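# Fold and contact review
Take a look at the letters that make up each chain.
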Amino acid sequence: MSEGVEWALHSCVNLAWSGPDRAVSAARLAAWHDLPAAYLNKQLQALARAGILTSGPGPRGGFRLARPLAAVSLMDVVAAVEGPEEAFRCAEIRKQGPGAGHPAAAGSDAAECAIAHAMSRAELAWRKALAAQNLDEIRQQAERQAPEAPQRLRAWLAAQ
């Protein structure tokens, strides 16, 4: 998973903390964590295409949450940034080279690769776990860990 997922998740929480009436530019969001603005902007645009954020142009433009954090799962963000493809792709190497199964072996072509099967089960569990947790739960946990964080962010944005 790319670092863009982490950046996108933090940006969503930071946008919630900034308040619903404030649009925040990619450059400002990037500056808060000392990230490259152009790369963060790509992640934010992906979130906007997925309907998680909205974006507006111009000097008062920027990004806002398109829906409440409680309506955005971790899986929504991962899929927006990384795409919907499965993380593991079986290339069926078991059917190549000297290690390939004997063609006459019963069911050798029909049986699913044991590794692909295990990876598919693990990915399904991972996706279900991410889909079961929403960003508002993450925001609440972050505020328990750093209660001053929302106010610090709002004050920093207001000072700029």
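Preceding this paragraph is the structure being described.
This write-up is about the structure you can find in this document. (Residues numbered from 1 in each chain as written. Predicted model: local features only at pLDDT ≥ 70, side-chain atom pairs only at ≥ 80, totals over all residues. Heavy atoms only, no water.)

### Observations regarding the packing of aromatic side chains
Scanning all chains against the criterion turns up 2 aromatic pairs. Here the aromatic rings of W32 and W156 are separated by 5.0 Å at their centres, their planes lie at 55 degrees, and the arrangement is tilted. Taken as a pair, W32 in helix 2 (residues 26–32) and W156 in helix 7 (residues 149–158) lie far apart in primary sequence, 124 residues in all. When its relative accessible area of 21% is taken as the criterion, W32 is described as partly exposed. Positioned over the ring face of W156 is R28, at 3.9 Å from the centre of the ring. (Phe/Tyr/Trp six-rings, centres within 6.5 Å; stacked < 30°, edge-to-face > 60°. Helix = DSSP H or I, 4+ residues; strand = E, 2+ residues; numbered from the N terminus. Buried < 20%, exposed > 50% of the residue type's maximum accessible area, 1.4 Å probe, protein only. Lys NZ or Arg CZ within 6 Å of the ring centre and 35° of its normal.)

### Quick look at the pairing of strand 2 (residues 62–65)
In the sheet, strand 1 (residues 53–56) pairs with strand 2 via 4 bridges, with the strands oriented antiparallel. Bridge pairing in strand 2 links G56 to G62. Linking two consecutive strands that pair antiparallel, namely strand 1 and strand 2, is a turn of 5 residues; a positive phi of about 90 degrees is found at G58 within it. (Pairing = 2+ DSSP bridges.)

### Overview of the environment of E112
Along the chain, E112 falls in the loop between helix 4 (74–82) and helix 5 (114–131). Put simply, E112 and E92 are 20 residues apart on the chain and 9.5 Å apart in space, counted from C-alpha to C-alpha. Those residues within four positions of E112 in sequence are excluded, and the remaining contacts are R94 and H117. Polar contacts involving the side chain of E112 include one to the side chain of H117, which spans 3.1 Å. (Contact = heavy atoms within 4.5 Å. Polar contact = N/O pair within 3.5 Å; in protein donor to acceptor, adjacent residues only side chain to side chain.)

All we've got here are geometric facts, nothing functional implied.
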